[in-house]
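Coordinates in review
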Amino acid sequence: MYSDLIKNNHHLKIWREGTRIILKKSNKLNYSILKTYRIITLLNCLNKVAEKIIAVWLSYTVEINDKLLNFDQMRDRKQRSAINAVLNLVHDVQMIKSRENTLICLLLDVKEAFDHVALKQLIKVLIKLKILINLINWVKCFLQNRVIDLAFDDKRQKSKKIIIEILQDSSISLILFLIYIQYLFSKIRAKIKNLQSLSYIDDVALYVKRKNIDKNVKTLKNAAKITFTWAKKNAMQFNDSKSKLIHFESHKTTLNQMIILLNNMIIKFKTCVQWLEVWLNRKLNFKVHVQTKIVTVTRMLHSLFKLMNSEWELNVKSEKQLYLTCVTSISNYDVEIWWNNKKSYLNKFRKLQNAALRKILSAFWTSSIDAMQIEVEISSMKMQLNQKCKNYAIWIVELQKKHSIRKRTSITYSSQYSIELNLDLNASKYLNWNEMKTNVS
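Residues numbered from 1 in each chain as written. Predicted model: local features only at pLDDT ≥ 70, side-chain atom pairs only at ≥ 80, totals over all residues. Heavy atoms only, no water.

It is worth spelling out unusual backbone geometry at this point. Despite not being glycine, Phe 286 has its phi angle at roughly 60 degrees, a positive value. One can find Phe 286 in the loop between β14 (278–281) and α8 (287–308). Using a relative accessible area of 5% as the deciding quantity, one classes Phe 286 as buried. Although it is not a glycine, Asp 334 adopts a positive phi angle of roughly 55 degrees. The topology assignment puts Asp 334 in the loop between α9 (316–331) and α10 (335–338). (Helix = DSSP H or I, 4+ residues; strand = E, 2+ residues; numbered from the N terminus. Buried < 20%, exposed > 50% of the residue type's maximum accessible area, 1.4 Å probe, protein only.)

Take a look at the structure:
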């Protein structure tokens, strides 16, 4: 059925109908503001299957054709996550610092990204990229003549035809948005050779790396001008409040320069910024990020302790499962980015895990940590962090050569891995990747 519908460039009318439920966000002071509400859309299950088929088809087409998307565009593509996007930026910063250069980065956020995709322009981009005509016609049919109901506080509005571009909650929307903005990065790189770009859906990073700081700032100003000009022509906007500027360097001096955007918005340099839930400071030591993570883990741990003290009397197995699910998933997330065997960071996480072990086993303060770890079958904090990094190193081996992470690894990095051969992770062999200093004119 689905293959016939796609061949005939048709998406059933009943599948283009849905119900949008407006929900209040918890713990908000003023519910007269639109941002205090969340909208979820209830769609036909068969429609979701059709969308997923097209999304997988498009994703596969993108992977086998390098010209459809920039290799540094992330999300909704195989083996490309937020961690990969941040790690790409971190790697480039470390490389520049090892060569005693500087890197200035401008972070932008597309405002209401999916609502500002022009359907006609999207179709033009698809045609220009030589996407199959059946697929283009299906996308056109999918996005047109949509009908929606609104439900709020047990009240329901009658069905109403809406004019919308691409749906935020659709599985096909992410890949369509990536295709829609891909010409932005091609245009910037064509006009500015020394500039690099990264994007994770609507989060964009533009950065330039040279020794001359003034030239870097000037280059970024030109890049921002090109970006905002393109956005205006393509009915898109950037969220000014989320625009950030940071200068990665090891010295204590701070820059007093700024970038003025086309809308007269002034962006000043910051010493620390958050991008994709990771805090980056100018020295790139992740001190702020680890502190923020420790606060989050501590808060979650205290909530678990309250639950363990309740009258329900959870057993050891249940308490261990709660700890692994609610706490470890937070503490061990994005470890690949910031973990560098720094004892001060390790000790903070170790203290939290030791407190959790004592609580799970109802043990005394003087109880042996090693014995408790064996009893609960939870490895030490250092072993967990190192294992995450080793797993990521092995995962890199399996990547295609055109993957953005793989392109940034050393040419001496192993290209094969098996249980019998084992992967040699001797860091001294890969110093030219992110540590070895080279002379750059």
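Let us look at the pattern of salt bridges. One pass over the full model with this rule turns up 10 salt bridges. Ionic pairing is found between Arg 408 and Asp 92, a salt bridge with its closest N-O pair at 3.1 Å. On the criterion of sequence distance, the pair formed by Arg 408 in helix α14 (residues 404–408) and Asp 92 in helix α3 (residues 82–98) is long-range, its members being 316 residues apart. Where Glu 336 meets Lys 388, a salt bridge forms, and the shortest distance between an N and an O atom there is 3.6 Å. (Salt bridge = Lys/Arg side-chain N within 4 Å of Asp/Glu carboxyl O.)

With that settled, the discussion passes to the confidence of the model for the protein. With 91% of its residues at a pLDDT of 70 or more, the protein has an overall mean of 85. In the model of the protein, helix α15 (residues 431–434) stands out as the element of lowest mean pLDDT, 48, in contrast to helix α11 (residues 343–361), which has the highest, 95. Long-range and interchain partners of residues 432–441, a stretch whose pLDDT sits below 50, account for 23 contacts in this model, where long-range means more than four residues apart. (pLDDT = per-residue confidence, 0-100. Contact = heavy atoms within 4.5 Å.)

Let us look at the packing of aromatic side chains. Taken as a whole, this structure holds 10 aromatic pairs when the rule is applied. When the ring of Tyr 31 is compared with that of Tyr 37, the centres are 6.0 Å apart and the planes differ by 65 degrees; the resulting orientation is edge-to-face. The structure contains a cluster of three or more aromatic residues connected by ring pairs, namely Trp 338, Trp 339, Tyr 345 and Phe 349. We note Arg 146 situated over the ring of Phe 142; from NZ or CZ to the ring centre the distance is 4.8 Å. Seen from the ring of Phe 305, Lys 359 lies directly overhead, with NZ or CZ sitting 5.9 Å from the centre. (Phe/Tyr/Trp six-rings, centres within 6.5 Å; stacked < 30°, edge-to-face > 60°. Lys NZ or Arg CZ within 6 Å of the ring centre and 35° of its normal.)

Let us look at the state of the cysteines. Going through the model one piece at a time under the given rule, you end up with zero disulfides. The thiol of Cys 141 is not disulfide-bonded; the next cysteine sulfur, from Cys 45, is found 20 Å away. For Cys 141, a relative accessible area of 14% translates into the label buried. Unpaired in this structure, Cys 272 has its nearest cysteine sulfur neighbour in Cys 105, at a distance of 13 Å. A residue is classified by how much of its surface remains accessible, and Cys 272, at 19% relative accessible area, is buried. (Disulfide = S-S within 2.5 Å.)

With five of five residues buried, strand β10 (residues 244–248) lies mostly within the body of the structure. Going residue by residue along β10, you find Lys 244, Ile 246 and Phe 248 tucked away on one face and Leu 245 and His 247 tucked away on the opposite face as well. Relative to β10, strand β4 (residues 102–109) runs antiparallel, the two being bridged by five bridges. Its bridge partner lying in β10, Ile 104 is registered against His 247. Bridge count between β10 and strand β12 (residues 266–270): two bridges; the pairing is parallel. Within the sheet, the bridge partner assigned to Ile 246 lies in β12 and is Lys 270. (Pairing = 2+ DSSP bridges.)

Next up on the list: a nonpolar patch on the surface. Where nonpolar side chains cluster on the molecular surface, the patch consists of Leu 23, Ile 40 and Leu 42 and spans about 230 Å² of accessible area. According to the relative accessible area criterion, Leu 23 is partly exposed, its value standing at 34%. (Patch = residues over 30% accessible without salt bridge, like charges linked within 9 Å, V, L, I, M, F, W, Y side chains within 5 Å. Areas by Shrake-Rupley, 256 points an atom, 1.4 Å probe, with all protein chains shown as cover.)

With that settled, the discussion passes to the side chain of Asp 92. Residue class for Asp 92 comes out buried when judged on its relative accessible area of 5%. Apart from the residues lying within four places of it in its own chain, the contact partners of Asp 92 are Leu 103, Gln 196, Tyr 207, Lys 209 and Arg 408.

Grouped together as the largest cluster of nonpolar side chains are 62 residues, with contacts concentrated most on Leu 122, Ile 172, Phe 177 and Leu 220. When residues of this core are traced back to their parent elements, those giving at least two are α2 (45–64), β4, α4 (119–128), α5 (133–143), α6 (173–191), β9 (203–210), α7 (213–233) and β12. Ranked by the residues each element gives to this core, the list is headed by α6, at 11 residues. Residues in contact with Ile 172, not counting those within four places in the same chain, are Glu 51, Ile 54, Ala 55, Leu 58, Trp 138 and Phe 142. Core analysis: the second largest hydrophobic core is formed by 58 residues, Val 90, Ile 294, Trp 339 and Ile 405 among them. (Core = buried A, V, L, I, M, F, W, Y, C linked by side-chain atoms within 4.5 Å.)

Bringing the environment of Lys 233 into the picture now. Take Lys 233: it is sitting in helix α7. Taking the relative accessible area as the measure of exposure, Lys 233 reaches 65% and is therefore exposed. Along the backbone, Lys 233 and Asp 4 are 229 residues apart, and their C-alpha atoms lie at a distance of 37 Å.

Attention shifts here to the packing of α11 against helix α13 (residues 381–397). The geometry of α11 relative to α13 is characterised by a closest axis approach of 9 Å and an angle of 120 degrees between their N-to-C directions. If you check the angle between α11 and α13, you find them oblique. Between α11 and α13, the contacting residues are Leu 346, Phe 349, Arg 350 and Gln 353 on the first element and Met 381, Lys 382, Gln 384 and Leu 385 on the second. (Axes fitted to C-alpha atoms, helices over the stretch in contact; angles between N-to-C directions. Parallel < 35°, antiparallel > 145°, perpendicular 65-115°, else oblique.)

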